[in-house]
Every structure is written in structure tokens, then in C-alpha cells.
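Breakdown of the fold
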Amino acid sequence: MFYHIIKIQDHLKKKDEVLNHMNSWNRHFVDSNISHATKPDQDTFISNTDWGGEEFDWYNFSFSQRDKKSIYDFVGNGDARITKCWFHQYYPHSGSNIGFHNHSGSDLAFIYYLELEDSSLRTIFINPEDYSEVIPDVVEGDLLCFNSNVWHCALPNDTNTRKSIISFNVNF
């Protein structure tokens, strides 16, 4: 499989603190260059994010030492470094989404599902082997790792729940 799921052990210990900090940003993002494949007339819109703005160390703020060790052990390369880290929140009934994109220029990409009550909001991948759509079986508290060149998207949030994620890229 072209992705791997890591269970974040201390998810519930950090969740509220991280969400409170995200809620203080109150900054949305719109990009007409990333249209959604299922709704090509719809621009990418993220309800709340720090993408493209001031950078914050979400990795160290969001993960316990125990979870950082698990991530480090999984990556297994002492030369690994995080090159970018950001958050996205997709508010209920907002249509908030991000079209198909990849993280070229990095080796690995990660998505941490801080809030994911509705499974219809899981990330969709394009399988690099046969180009089929693949939806990993992630739940809230999971960290999804994949090759950064894999195309993926977040469908528009038309549900009653909010989705909150932290993403980061790693280079070796």
C-alpha cells in the first residue's frame, strides 16, 4: 500500500488545547488555481488555516514526546526534517474543501486527523499504480503518512461536523 496509518496514543490529552489554539487564528484561504475534480467550478476554500501566513510549530505543539518518538521510529531516518507544518479546519456546511494536489518537493507528507467525526470527510487519494480513488480507513486521532507525490483531496464539507487536520512535510 502507498500509505501508512499511525495511531496517535496521546490524541485525547492534546486535542482540546490544540483546537483552542487553532480557533484563535480565524483566517480562511481561497485558491482558484486548485479546483475540485468533482465540482470543477468550485475553488478551493478552507474555513480556517494558517497556510500561507505566519508559521507555527504545530508538530511540537500537537504531539507528545511519546507520539513524536513513534513518528520518528516509523520514519527511521535520522536526517529527516520537517519542512512545513500547517493546519486546516473545514467548518460544517461551509463547502470547505481542497482540490486534488500533491506535495512535490518533499519526500513524505503526513495528515493528522485532530477532528474527524464524519467518515465522509476522509482524504481521497489517487492510487499511483492504477489511478483509482482510494479512501484510507482513518479515524480521528490517526496520522496518515504517504509519499508526497501522491495526489489527494478533501471533499467539500457539507456535513454537520467540523474537520480539523494538521499536515506536515518531511525531507531526508
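Whatever comes next refers back to the structure up there.
An account of the accompanying structure is given in this report. (Residues numbered from 1 in each chain as written. Predicted model: local features only at pLDDT ≥ 70, side-chain atom pairs only at ≥ 80, totals over all residues. Heavy atoms only, no water.)

1. Some remarks on the sheet that holds strand β4 (residues 48–49)
Keep this limit in mind: DSSP calls a pair of strands paired once it identifies at least 2 bridges connecting them. Going along the chain from the N terminus, every DSSP run of H or I of four or more residues is numbered as a helix, and every run of E of two or more is numbered as a strand. Contact definition: two residues touch when any of their heavy atoms are within 4.5 Å. Axes, fitted as lines to C-alpha atoms, cover a helix only where it is in contact. Angles between the N-to-C directions of the axes lie from 0 to 180 degrees.
What the six strands build is an open sheet, ordered β1-β10-β7-β12-β5-β4; its pairing is antiparallel. Every other strand in the sheet has two partners, leaving β1 (3–7) and β4 as the edge strands with one partner each. Across five bridges, strand β7 (residues 108–116) lies against strand β10 (residues 142–147) in antiparallel orientation. When the bridges of β10 are listed, Tyr112 appears paired with Leu143. Against the sheet, helix α1 (residues 11–23) engages β4, β5 (81–90), β7 and β12 (163–171), with an angle of about 90° to β7.

2. Details of the sheet that holds strand β11 (residues 152–154)
What holds strands together in a sheet is hydrogen bonding between their backbones, with the strands either parallel or antiparallel. If you trace the four strands from one edge of the open sheet to the other, you get β6-β11-β8-β9, paired in antiparallel fashion. Since the sheet does not close on itself, it has two edges, and those belong to β6 (98–101) and β9 (133–134), each with one partner.

3. Section: the layout of surface pockets
To keep things clear, this is the line we draw: Here a cavity denotes grid points, spaced 1 Å and computed from the protein atoms alone, that fit a 1.4 Å probe unable to get out, and a pocket denotes an open set having protein on both sides within 12 Å along at least 5 of 7 lines; residues with an atom within 4 Å of a point are the lining. Grid points are joined across faces, edges and corners, and a volume is the space filled by probe spheres set on the points. Under the convention adopted here, Pro, Cys and the residues Ala, Val, Leu, Ile, Met, Phe, Trp and Tyr are nonpolar, Asp, Glu, Lys and Arg are charged, and Gly plus all remaining residues are polar.
Approximately 160 Å³ is the volume attributed to the second largest pocket. No other element matches the four residues that helix α3 (residues 65–75) contributes to the lining of the second largest pocket. Taken together, the residues of the lining of the second largest pocket break down into eight nonpolar, one polar and two charged.

4. Structural notes on the pairing of β12
Let me state the cut-off plainly: Throughout, exposure labels follow a simple rule: accessible area from a 1.4 Å probe, protein chains only, divided by the maximum for the residue type, with under 20% read as buried, over 50% as exposed, and the rest as partly exposed.
With nine of its nine residues buried, β12 lies for the most part within the structure. Neither face of β12 is left uncovered, since the one carrying Lys163, Ile165, Ser167, Asn169 and Asn171 and the one carrying Ser164, Ile166, Phe168 and Val170 both have all their residues buried. Across nine bridges, the pairing between β5 and β12 is antiparallel. What sits directly across from Tyr90, in β12, is Lys163.

5. Focus: the packing of aromatic side chains
Cut-off, in case you're wondering: What counts as a ring pair is set by centres within 6.5 Å for rings of Phe, Tyr and Trp (its six-membered ring), and what kind of pair is set by the plane angle: stacked under 30 degrees, edge-to-face over 60, tilted for all other angles. Here, a charge over a ring means that NZ of Lys or CZ of Arg falls within 6 Å of the ring centre while also lying within 35 degrees of the ring normal.
Per the stated rule, a full pass over the model turns up 17 aromatic pairs. For the pair Tyr3 and Phe125, a centre-to-centre distance of 6.1 Å together with 5° between the ring planes defines the contact as stacked. In this pair, Tyr3 is assigned in strand β1 and Phe125 in strand β8 (residues 124–126), connecting sequence segments 122 residues apart. You'll find Tyr3 and Phe125 in the same group, each marked buried. When the ring of Trp58 is compared with that of Phe61, the centres are 6.1 Å apart and the planes differ by 80°; the resulting orientation is edge-to-face. Here Phe61 and Trp58 lie together in helix α2 (residues 58–62), a separation of three residues that amounts to about one turn. For Trp58, a relative accessible area of 0% corresponds to the buried category. The structure contains a cluster of three or more aromatic residues connected by ring pairs, namely Trp25, Phe56, Trp58, Phe61 and Phe87. Over the face of the ring belonging to Phe61 we find Lys14, whose NZ or CZ atom lies 5.7 Å from the ring centre.

6. Side note on α1
The condition that has to hold: One less than the residue count of a helix, multiplied by 1.5 Å, gives the span that helix is expected to have.
Taking 1.5 Å per residue as the helical rise, α1 with its 13 residues ought to reach 18 Å, and the 18 Å between its terminal C-alpha atoms agrees with that figure. Turning to α1, its buried residues are His11, Lys14, Lys15, Val18, Leu19 and Met22. Where α1 is buried, its residues touch β4, α2, α3, β5, β7 and β12.

7. So, the side chain of Lys163
To keep things clear, this is the line we draw: Charged residues are defined here as Lys and Arg on the positive side and Asp and Glu on the negative side; His and the ends of the chain fall outside this count. One speaks of a salt bridge when a side-chain nitrogen belonging to Lys or Arg is within 4 Å of a carboxyl oxygen belonging to Asp or Glu. For this analysis, a polar contact is any N or O atom pair within 3.5 Å, provided that within protein one partner can donate a hydrogen and the other can accept it, and provided that sequence-adjacent residues contribute only side-chain to side-chain pairs.
If you trace the backbone, Lys163 turns up in strand β12. The side chain of Lys163 sits in the buried core without any salt bridge; Asp118 is the nearest counter-charge, 10 Å away. Of note is the side chain of Lys163, whose polar atom sits 2.7 Å from the backbone oxygen of Leu121.

8. Examining unusual backbone geometry
With the exception of glycine, the majority of residues adopt a negative phi angle, and the majority of peptide bonds are in the trans configuration. At His93, a residue that is not glycine, the phi angle is positive and equals roughly 55°. Residue placement: His93 occurs in the loop between β5 and β6. Assessed through its relative accessible area of 53%, His93 is described here as exposed. Even without a glycine there, the phi angle at Tyr131 is positive, about 65°. Here Tyr131 shows up in the loop between β8 and β9. Among the residues examined, Tyr131 registers a relative accessible area of 65% and is labelled exposed.

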